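# Fold and geometry: a report
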Amino acid sequence: MVERGFAEPSLDEDTIRDMEARARRLRGAILTMTSLAGSGHPGGSMSSLEIYLTLTHFAAIDPAHPRADGRDRIVISHGHTSPGVYCALADAGFFDLEDAVAHFRQAGSVFEGHVERSVPGVEWGTGNLGQGLSAGVGFALASRIAGHASRTFVVMSDGEQHKGQVAEARRLAVKEGLVDLTVLVDCNGIQISGHTEDVMPVNIGGGFAADGWRVIEIDGHDLGAVYEAIAEAVADRERPVAIVARTVIGKGVSFMEGDHEFHGRGLTAEEYERALQELGVESTIETARRRRGGMTLTPALHHVREPLDLDVGVPRTYTRETRTDNRSAWGSALVDLAEANPDMPMAVFDCDLAASVKTGGFSDVRPGGFVQAGVGEHNAATAAGALSTTGVLTFLSDFGVFGVDEVYNQQRLNDINEASLKLVVTHCGLDVGEDGKTHQCLDYVGAFRNLFGWRVIVPADPNQTDRAIREAARMPGCVAVAMGRSKLPVILDVADRPLFGDGYAFEYGVATWARQGDDGVIMTMGAVAGSAVEAADELAREGLSVGVCIVSSPLDLDDGAMELATRAPWLLVAEDHGWRTGLWASVAEWTALHASVASPVPHGVEGYQSSGAAEALLARAGLDVAGIAGRVRELAGR
């Protein structure tokens, strides 16, 4: 057998004949699993099969150690071809083939309808087309940043090639010189609605070539040609390579070949028998049906995420005289992390906003880890997410409207793939200022409320930002840190010392009482927290005793703080966020789940605002000192 790693330029005839026999047998398995499940995508699985077999048998991967450091990475972008992927991985020794066949698309089974990272040998969960190449870019960057001599292979469909994210990924791969990245496109000419040339014609090879890739065209069912093209791509040290493989959907079964109907349905009983007779393989469907009544023997393979062993450096303390913005504090903390951890592989993705999101300092001290992705947010979000699963501390910084709203699905898939991305978004809320409605990200908490794994931090001033960033870098999983744009006063305690200064340590899920009071409580977060504290001080001079509780983790409230806050005569929730889905929603949810009789009063953004200075917009929304104090007077009957 040829050694793994594609060091040999070609396959010998005996190996080719052996692989051809495997392909014929596995086509039968593909038809069995999709027919048994009554759904699936047999056509594309059969057209991609020779590609999958070649990669799973000859890439530098180890079935006994599917998460070994330094391994090659195989990304399947058209994740609906999971039957072909599972069959090839099983044939290579990653798990039992009969287990995959029997439990395909069964509730509770690891063998889902689209490939997921929980399957041994699968690197990235896909199925939302157009994202696989971005993940491959992330893995290739990881190899470079971490110093591994590994290859990344991305298998794609032809139908997804017109998606904009694919073009973003192609260009970044060339710009970053990712010569260890190879793409294989299964060009079977068919997608759900018919022929690709009728649905949306694309010059696939021309697109890759125009962006600077080398393009090789082959017969995708010729195993010898597939291997030779990959070996040639691996040997090319000048540029990334795209292999355009001409294939036939439903290859091997005459009535399936070239028919778009078999893109996404299993066979009838009569069709199944005919197909297996043509392939010359025996039916195993009854055996698989009996086995389907039991439990799958292949356990889910999850990514173990532990807090990073990281030197967070010496926190910076900003004083009353230091009027700065949270984004500058984030940029300075990022530089401190890079300098305090010279041996820690780190990456920061920027989308042409370095001057605004303050990532330029990191670029100066770690140029090799700074990835300028241009105005390509979709690609950047996926690539950064994939990179974050490799042990590289990975940040993506962007405006809120781009890093949250525009790439919501990409962040959702980062969550599903158990990534550990640190997303730092600036210019959130009305604090974006003069850019107006199109740039007012008013759901930076609400969007992540819909996801299951993301944690959200909204720091109140530069000191809390500094400490939150240092802690977020250590935290496992995906963490979003959201902030505004404007310079903010340092919040002071009752002794006129920085509230989040020396002696304060950020702890996720812990709220901070800036002021104590008996007449009522203002609960707040982010950019308006300082105004809430000033309002409380102003009201104190009028004889009103108002507590101010600053929440930095709006999706994971502090039970102790909530118990105190909900005992107050009234509870006002002030936030630079759409009031229905932000902090107020979390507080209302807490009161409902804890059977509290408290009725939190919302005081947030009620709609998109016009263009203008941030302080003017916040004043119009009642979120400045005067507006918050006025609302408190109403609640207090003043």
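Now for a description of the structure that goes with this document.

Conventions and cut-offs
Residues numbered from 1 in each chain as written. Predicted model: local features only at pLDDT ≥ 70, side-chain atom pairs only at ≥ 80, totals over all residues. Heavy atoms only, no water. Helix = DSSP H or I, 4+ residues; strand = E, 2+ residues; numbered from the N terminus. Rg over C-alpha atoms; globule rule 2.2 N^0.38 Å. Contact = heavy atoms within 4.5 Å. Areas by Shrake-Rupley, 256 points an atom, 1.4 Å probe, with all protein chains shown as cover. Patch = residues over 30% accessible without salt bridge, like charges linked within 9 Å, V, L, I, M, F, W, Y side chains within 5 Å. Salt bridge = Lys/Arg side-chain N within 4 Å of Asp/Glu carboxyl O. Lys, Arg positive; Asp, Glu negative; His and termini not counted. Charge placed at Lys NZ, Arg CZ, Asp CG, Glu CD. Buried < 20%, exposed > 50% of the residue type's maximum accessible area, 1.4 Å probe, protein only. Polar contact = N/O pair within 3.5 Å; in protein donor to acceptor, adjacent residues only side chain to side chain. Core = buried A, V, L, I, M, F, W, Y, C linked by side-chain atoms within 4.5 Å. Expected span 1.5 Å × (residues − 1). Axes fitted to C-alpha atoms, helices over the stretch in contact; angles between N-to-C directions. Parallel < 35°, antiparallel > 145°, perpendicular 65-115°, else oblique. Phe/Tyr/Trp six-rings, centres within 6.5 Å; stacked < 30°, edge-to-face > 60°. Pairing = 2+ DSSP bridges.

### Points about the overall build of the protein
Check the secondary structure of the protein and you find 24 helices and 20 strands. For 638 residues, the compact-globule estimate of 2.2 N^0.38 gives 26 Å, and the C-alpha radius of gyration of the protein, at 28 Å, lies within 12% of that figure. Along the first, second and third principal axes, the C-alpha atoms of the protein reach 90 × 50 × 45 Å. Restricting to contacts in the protein with at least 6 residues of sequence separation, those with at least 24 account for 79%. When the accessible area of the protein is evaluated, it comes to approximately 23400 Å², of which 49% is carbon and sulfur surface.

### A look at a negative patch on the surface
Taken together, the side chains of Asp12, Glu13, Glu20, Asp219, Asp222 and Glu228 make up a negatively charged region of the molecular surface. Mapped onto the fold, Asp12 is located in the segment before α1 (13-37).

### Details of the pattern of salt bridges
Considering all chains together, one arrives at 35 salt bridges under this definition. Between Arg246 and Glu217 there is a salt bridge, and its shortest N-O distance comes to 3.4 Å. Here the residue Arg246 occupies a position in strand β7 (residues 241-246), and Glu217 occupies one in strand β6 (residues 214-219), the gap between them amounting to 29 residues. Across the salt bridge formed by Arg265 and Glu271, the nearest N and O atoms sit 3.0 Å from each other. With relative accessibility at 22%, the residue Arg265 sits in the partly exposed group. Residue class for Glu271 comes out buried when judged on its relative accessible area of 12%. Counted as one network, the salt bridges with shared partners bring together Arg316, Asp336, Asp466, Arg467 and Arg470.

### Some thoughts on the side chain of Ser47
The residue Ser47 is located in helix α2 (residues 42-58) in this model. We classify Ser47 as buried; its relative accessible area is 0%. Of note is the side chain of Ser47, whose polar atom sits 3.0 Å from the backbone oxygen of Gly44. A distance of 3.0 Å separates the side chain of Ser47 from the side chain of Asn188, its partner in a polar contact.

### Focus: the nonpolar core
The nonpolar side chains of a soluble globular protein tend to be buried with one another. Ranked by size, the top nonpolar core spans 80 residues in total, and within it Leu133, Val137, Leu181, Val183, Phe349, Leu396 and Met523 carry the most contacts. Broken down by element, the residue count for this core peaks at seven residues, all from helix α5 (residues 132-146). Excluding residues within four positions of it along the chain, Leu133 makes contact with Ser77, Val154, Met156, Val166, Ala169, Arg170, Leu181, Val183, Phe208 and Trp213. Judged by nonpolar contacts, the second largest core, of 69 residues, contains Phe104, Val110, Leu223 and Ile230.

### Considerations on helix α19 (residues 462-474)
Residues three or four positions apart in an α-helix share a direction because the helix packs 3.6 residues into each turn. Along its 13 residues, α19 runs 19 Å from first to last C-alpha, staying within 8% of the 18 Å computed at 1.5 Å per residue. By the criterion of burial, α19 is predominantly enclosed, with 11 of the 13 residues buried. Residues of α19 that are buried include every one of Pro462, Asn463, Gln464, Thr465, Asp466, Arg467, Ala468, Ile469, Arg470, Ala472 and Ala473, and no others. With a side-chain oxygen lying 3.2 Å from the backbone nitrogen of Asn463, the N-terminal cap of α19 falls on Asp461.

### Some thoughts on helix α6 (residues 164-175)
End to end, α6 covers 17 Å across 12 residues, agreeing with the expected 16 Å (1.5 Å per residue, within 8%). Within α6 the residues assigned to the buried category are Gln165, Val166, Ala167, Glu168, Ala169, Arg170, Leu172 and Ala173. Positive phi appears at Gly177, one or two residues downstream of α6, with a value of about 65 degrees.

### Description of unusual backbone geometry
For Phe6, which is not glycine, the phi torsion reads 60 degrees and is therefore positive. Within the secondary structure, Phe6 sits in the segment before α1. Accessibility expressed as a relative area gives 3% for Phe6, which makes it buried. One non-glycine residue, Arg105, lies in the positive phi region at around 60 degrees. Checked against the element boundaries, Arg105 lands in the loop between α4 (97-102) and α5.

### Digging into the packing of α1 against helix α10 (residues 269-279)
Axes are the key here: two packed helices are described by the angle between their axes and the distance separating the axes. With their axes 10 Å apart at the nearest point, α1 and α10 run at an angle of 170 degrees to one another. Relative to α10, α1 is oriented roughly antiparallel. Residues Arg24, Arg27, Gly28, Leu31, Thr32 and Ser35 of α1 form the contact with α10, whose participating residues are Tyr272, Ala275, Leu276 and Leu279.

### Points about the packing of aromatic side chains
Using the criterion set out here, one finds 14 aromatic pairs in the structure. Relative to Phe104, the ring of Tyr86 has its centre 6.2 Å away and its plane inclined at 70 degrees; by these criteria the two rings are edge-to-face. Linking Tyr86 in helix α3 (residues 82-91) with Phe104 in the loop between α4 and α5, this pair joins segments that are 18 residues apart in sequence. For Tyr86, a relative accessible area of 0% translates into the label buried. Ring plane angle 80 degrees and centroid distance 6.3 Å describe the contact between Trp124 and Phe139, whose orientation is recorded as edge-to-face.

### Points about the sheet that holds strand β3 (residues 181-187)
Spatial ordering of the open sheet is given by β1-β2-β3-β7-β6, a layout of five strands whose pairing is parallel. The open sheet terminates on both sides in strands that have one partner only, identified here as β1 (73-76) and β6. Each strand axis lies, on average, 20 degrees off the axis of its neighbour in the sheet, ignoring direction. For β6 and β7, the ladder comprises six bridges, and the chain directions are parallel. Along β7, the bridge assignment pairs Glu217 with Val244. Each of β1, β2 (152-157) and β3 is contacted by α5, which is oriented at about 175 degrees to β2, the strand it contacts most. Here helix α9 (residues 223-235) sits on the sheet and contacts β2, β3, β6 and β7; the angle it forms with β6, its principal contact strand, is near 165 degrees.

### Things to note about the sheet that holds strand β12 (residues 422-426)
Remark on secondary structure: sheet strands pair via backbone hydrogen bonds, oriented parallel or antiparallel. Within the open sheet, the six strands sit side by side as β10-β9-β11-β12-β14-β13. Their pairing is parallel. At either margin of the open sheet sits one strand with a lone partner, and together these are β10 (370-372) and β13 (455-457). Across the sheet, the mean angle from the axis of one strand to that of its neighbour is 20 degrees, orientation sign disregarded. For strand β9 (residues 346-350) and strand β11 (residues 393-399), the ladder comprises five bridges, and the chain directions are parallel. What sits directly across from Met346, in β11, is Leu393. Strands in contact with helix α15 (residues 377-388) are β9 and β11; relative to β11, the strand with the most contacts, it is inclined by about 160 degrees.

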